[in-house]
Amino acid sequence: MKNKFYAYIQNLQDQICQGLEEMDGQAKFREDIWERPEGGGGRTRVIENGSVFEKGGVNISAVHGKLPDSMQKLFNVGEADFFACGLSLVIHPKSPMVPTVHANWRYFEMYDDNGNVINSWFGGGQDLTPYYLFEEDASHFHQTCKTACDKHNPEFYLKYKKQCDAYFWNAHRHEARGIGGLFFDYCKETEDMKMEAWFNFVSEVGNSFLQAYLPIVAKRKDLQYTSEQKTWQEIRRGRYVEFNLVHDKGTLFGLRTNGRIESILMSLPPHVQWVYDHHPEKNSKEEKLIQVLENPIEWV
């Protein structure tokens, strides 16, 4: 399964990078191949200063070795070997009218002293972070997620949408990071769902990503915007940074397992503002966004 999933994310990285480059029409991804001293490595691809995308990364990695002490405590296990692979992406567009997007699909194995798999699971999801709320864009993104889920289990969309709203919650701000999508973790084999079935589900979601995001980019990338709206985007990006550095499991896992720091922090946008005690104007489009972030709603 680990070889099958790693081959899948290598191919998916190629597809997603090609789709984003075609949408941008100017910038190309720069590629770095890196190795982790303790075992494994990855392929980082970053796009910067494009006509549409200000900064973005589409990374894959496959790392293995001894499970670090911090992760042993997290998983409540003793010494163990592990393998983890995944694709992680974050795209920050130039225009505040185009939403930031994040996605991640991953697979994890743990082994006993004889190298036998004693635990394995899938995780991942995709979510949207707009700066200005276009309700039809939110509905399109969520409908694409629901369509992918419904092919495998009619209960998956509502369950993983709810988990997404709960996970991407900036508790110290009492607001969501964005308008959500899907989030699932510890998807382990059961009588009803074998690992092959989980692979089929996760790859279905991964394959839906470009369909979920690129139509929104195409619709919004040429809209006019003001310097005030760009400032609002940079203030909201500050909330994005706060979540990634304070709460995000993937960032913390990378830091605790001696991952490549440039790849881990590629999710951070280049231009961000923290304005003291900032509040949007009453009845403004900016306030409308905040109201939705404070009380997540059903989009489909």
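Residues numbered from 1 in each chain as written. Predicted model: local features only at pLDDT ≥ 70, side-chain atom pairs only at ≥ 80, totals over all residues. Heavy atoms only, no water.

Empty pockets left among the atoms are what a rolling probe the size of a water molecule brings to light. Following the criterion strictly, the structure yields four cavities of 30 Å³ or more and no others. By volume, the largest cavity is sized at about 70 Å³. Around the largest cavity, the lining is made up of 14 residues, and of these P99, P130, Y132, F134 and D137 lie nearest the centre. Here the residues of the lining of the largest cavity sort into 13 nonpolar, no polar and one charged. (1 Å grid on protein atoms, 1.4 Å probe; cavity = no way out; pocket = protein on both sides within 12 Å on 5 of 7 lines; lining within 4 Å. Points joined across faces, edges and corners; volume = space filled by probe spheres on them. Nonpolar A, V, L, I, M, F, W, Y, C, P; charged D, E, K, R; others polar.)

Let's shift gears to the sheet that holds strand β6 (residues 117-129). With respect to topology, seven strands assemble into an open sheet ordered β1-β2-β3-β4-β5-β6-β9, the strand pairing being antiparallel. Both outer strands of the open sheet, β1 (30-35) and β9 (180-187), are each paired with one neighbouring strand and no more. Averaged over all pairs of adjacent strands, the angle between strand axes in this sheet comes to 5°, irrespective of strand direction. Alignment of β6 against β9, held across six bridges, turns out to be antiparallel. (Pairing = 2+ DSSP bridges. Helix = DSSP H or I, 4+ residues; strand = E, 2+ residues; numbered from the N terminus. Axes fitted to C-alpha atoms, helices over the stretch in contact; angles between N-to-C directions.)

Bringing the packing of helix α7 (residues 227-246) against helix α10 (residues 285-294) into the picture now. Direction vectors running N to C along α7 and α10 enclose 20°, while the axes themselves pass 12 Å from each other. Judged by the inter-axis angle, α7 sits roughly parallel to α10. For the crossing formed where α7 meets α10, the hand is right-handed. Each of Q229, W232 and R236 in α7 lies in contact with α10, whose residues at this interface are E286, L289, I290 and L293. Residues that form the contact of α7 with α10 fall into these classes: four nonpolar, one polar and two charged. (Parallel < 35°, antiparallel > 145°, perpendicular 65-115°, else oblique. Left-handed = near helix turned anticlockwise from the far one by under 90°. Contact = heavy atoms within 4.5 Å.)

Here we come to the nonpolar core. Residues F5, L89, W105 and Y213 are the most contacted members of the largest nonpolar core, which totals 65 residues. Take this core: its biggest share by element is eight residues, from helix α1 (residues 2-24). With residues up to four places along the chain from it excluded, the contact list for L89 reads I16, G57, V58, V101, H102, A103, W105, F209 and M266. Membership of the second largest hydrophobic core comes to 12 residues, among which are L67, M71, A84 and F108. (Core = buried A, V, L, I, M, F, W, Y, C linked by side-chain atoms within 4.5 Å. Buried < 20%, exposed > 50% of the residue type's maximum accessible area, 1.4 Å probe, protein only.)

The analysis is restricted to geometry; functional conclusions fall outside its scope.
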